[in-house]
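# Fold and contact review
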Amino acid sequence: MTAATLLTPASPSSRPDGRPAGLLARADERAYVRVLVVLDTAILTVALLVGYVTRFGDEEPSGSKIPYVLVAPGLVLAWLVSLKALGCYDDRVIGYGADEYRRVSSASLRLAGGIAIAGYIADVEVSRGFLGISFAVGTLGLEVARFAARKRLHRARSRGAGWSRKVLVVGDTAHVLELLHTLRREPYAGYQVVGACIPDALLAPVAQRLGDVPVVGSFRGIPEAATAIGADTVAVTASGELTAARLRRLGWQLEGTGVDLVVAPALTDVAGPRIHTRPVAGLPLIHVEAPEFRGARKLVKGFVDRSVSSLALALLLPLIALLALAIKIDSRGAVLFRQTRVGRGGQEFGVFKFRTMVVNADALLAELVARNETDGLMFKMRDDPRVTRVGRLLRKWSLDELPQLVNVLLGQMSLVGPRPPLPSEVARYDGDVARRLLVKPGMTGLWQVSGRSDLSWEDGIRLDLYYVENWSLAVDLTILWKTLGAVLNGRGAY
């Protein structure tokens with residue numbers, strides 16, 4: 001009797017209609033793609049209508065050899081074909097990550113360029129104003145529609161519903177647990193672990209579970225185990241027994257089954273732009289570029305920071321004055337609170353914030369240390385008695401941080417970056433955590449858009465280090481956009 005037969009495999013994952021979960025996941029995926037196609041078609045139709053009305057109004061267009069009643073549907077069809085050709089409906093990119101947005105923009109720009117060239121060569125007169133407005137409105141509309149559809153999908157996935165991949169994880173126990181933790185940390189990514197396969201040597205005479213995930217077999221029966229539990233994806237992580245030859249054979253065994261094979265390398269928290277795969281002697285080597293802490297992109301980031309902060313200060317001056325008046329009326333003390341924080345390279349600076357606590361808040365801290373609600377080196381308390389009435393409103397909407405725009409203008413902070421730490425925190429940093437000081441701290445960052453004070457110390461540090469290693473201007477823009485939603489949501493703000 002083999003070790004695999006000693007296990008009691010989990011029953012196939014299914015729904016009330018009796019169909020395997022893997023087939024249902026594929027059906028849910030196709031339904032989501034159909035929704036995207038309908039949304040895209042509607043957006044493009046409206047964009048062309050806006051372009052036509054804006055350019056011509058009530059006038060009759062003249063000079064074109066092809067009537068616009070034919071141009072519009074042809075352009076919608078060409079646009080959809082372009083989206084399809086660039087993989088904008090590929091299940092590997094939709095629903096998670098920035099690649100979906102990049103592909104949508106690329107498809108639109110390439111089509112616009114192709115039409116411009118084709119029109120010049122064929123000498124076809126189509127209004128440039130009509131095309132320009134239509135492509136601008138259409139591209140923006142496509143991105144907004146994708147964002148709205150994705151948010152709805154993420155909410156469904158967080159509830160355990162929605163289209164998600166059913167994943168069978170294969171590897172050593174420690175690596176399986178690590179990958180399981182990573183995938184469950186972001187359920188909206190759409191990878192739901194439904195089972196695990198571990199080496200024969202680790203199998204026991206009774207059914208096993210890794211956490212709440214059933215062990216459904218060994219390395220000798222991976223395709224059968226995937227079929228049994230309705231998995232549509234096999235994720236292979238590190239294992240000494242899973243050699244290159246066995247992994248290649250597994251790929252052959254999964255051919256034609258509809259089950260995807262993905263390999264999770266031991267390399268984590270490294271963003272895609274820094275990773276390049278290069279085949280050498282049939283071996284896919286992963287090249288990892290070093291993080292960039294200086295150079296032209298850093299100069300551009302600094303220029304954008306100071307330009308945006310100066311403009312924001314000018315526009316928000318009436319609001320800042322109103323908030324200052326409210327703070328002065330509400331409680332005794334100064335309007336602004338200046339606190340020493342640590343910036344890039346360990347340099348200390350004074351960070352500006354609106355005062356949200358009573359004037360003797362620091363003296364009262366010793367009495368509240370035992371009521372700290374977070375782990376690690378920070379002090380956080382949901383119902384901190386030191387916070388004033390106006391201060392609670394300022395913290396809820398992150399308005400207390402508006403004066404930090406002055407720090408950004410002075411070059412001490414950035415719009416996006418790690419949380420600015422206190423000197424007492426930095427004094428207890430180890431070698432890894434100290435890497436947060438390689439870049440300027442930010443008014444907002446991944447910690448802000450991922451839960452703020454609800455995050456554990458470990459998760460906050462992990463997000464900060466991820467940003468330090470993988471920052472880019474595109475990532476900054478994404479975080480700034482998500483910050484608006486995080487502030488309006490108010491989650492984790494106290």
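Residues numbered from 1 in each chain as written. Predicted model: local features only at pLDDT ≥ 70, side-chain atom pairs only at ≥ 80, totals over all residues. Heavy atoms only, no water.

### So, the pattern of salt bridges
Going through the model one piece at a time under the given rule, you end up with 15 salt bridges. Notably, a salt bridge pairs Asp-99 with Arg-102, separated by 3.8 Å at the nearest N-O pair. In this pair, Asp-99 and Arg-102 both sit in helix α3 (residues 99–122), 3 residues apart, roughly one turn of the helix. A relative accessible area of 48% means that Arg-102 is categorised as partly exposed. The closest approach of N and O atoms between Arg-184 and Asp-212, which form a salt bridge, is 2.7 Å. Placement of the pair is Arg-184 in helix α5 (residues 173–185) and Asp-212 in the loop between β3 (209–210) and β4 (213–217), with a sequence separation of 28 residues. Relative accessible area serves as the criterion here: at 41%, Arg-184 is assigned to the partly exposed category. On the basis of relative accessibility, which here comes to 45%, the residue Asp-212 falls in the partly exposed class. (Salt bridge = Lys/Arg side-chain N within 4 Å of Asp/Glu carboxyl O. Helix = DSSP H or I, 4+ residues; strand = E, 2+ residues; numbered from the N terminus. Buried < 20%, exposed > 50% of the residue type's maximum accessible area, 1.4 Å probe, protein only.)

### Things to note about α3
For α3, spanning 24 residues, the distance from its first C-alpha to its last is 34 Å, which sits close to the expected 34 Å at 1.5 Å a residue. All buried positions along α3 are accounted for by Glu-100, Val-104, Ala-107, Ser-108, Leu-111 and Gly-119. Residue Asp-123 follows α3 closely and has a positive phi angle near 55 degrees. (Expected span 1.5 Å × (residues − 1).)

### Some thoughts on unusual backbone geometry
The phi dihedral of Ser-398 is positive, around 60 degrees, even though this residue is not glycine. With respect to the element layout, Ser-398 can be found in the loop between α10 (389–396) and α11 (404–409).

### Describing the packing of helix α8 (residues 296–330) against α10
Closest axis-to-axis distance for the α8/α10 pair is 8 Å, and the angle between their directions is 150 degrees. Contact with α8, carried on its side by Leu-323, Ala-326, Ile-327 and Asp-330, involves Arg-389, Val-390 and Leu-394 of α10 and no other residues of that element. In terms of residue class, the contact of α8 with α10 is made up of 5 nonpolar, no polar and 2 charged. (Axes fitted to C-alpha atoms, helices over the stretch in contact; angles between N-to-C directions. Contact = heavy atoms within 4.5 Å. Nonpolar A, V, L, I, M, F, W, Y, C, P; charged D, E, K, R; others polar.)

### Notes on the environment of Ile-133
Position of Ile-133 among the secondary structure elements: in helix α4 (residues 128–158). For Ile-133, a relative accessible area of 26% corresponds to the partly exposed category. Ignoring any residue separated from it by four or fewer positions in sequence, one finds Ile-133 in contact with Val-50, Gly-51 and Thr-54.

### Side note on the sheet that holds strand β6 (residues 260–263)
If you trace the 6 strands from one edge of the open sheet to the other, you get β3-β4-β2-β1-β5-β6, paired in mixed fashion. The sheet is open, and its two edges are formed by β3 and β6, each paired on a single side. Pairing between strand β5 (residues 233–236) and β6: 4 bridges, direction parallel. Considered in β6, the bridge of Thr-233 is made with Asp-260. Running over the sheet, α5 touches β1 (165–170), β2 (191–197), β3, β4 and β5 and is turned about 170 degrees from β2. (Pairing = 2+ DSSP bridges.)

The values reported here are purely geometric and, on their own, carry no functional implication.
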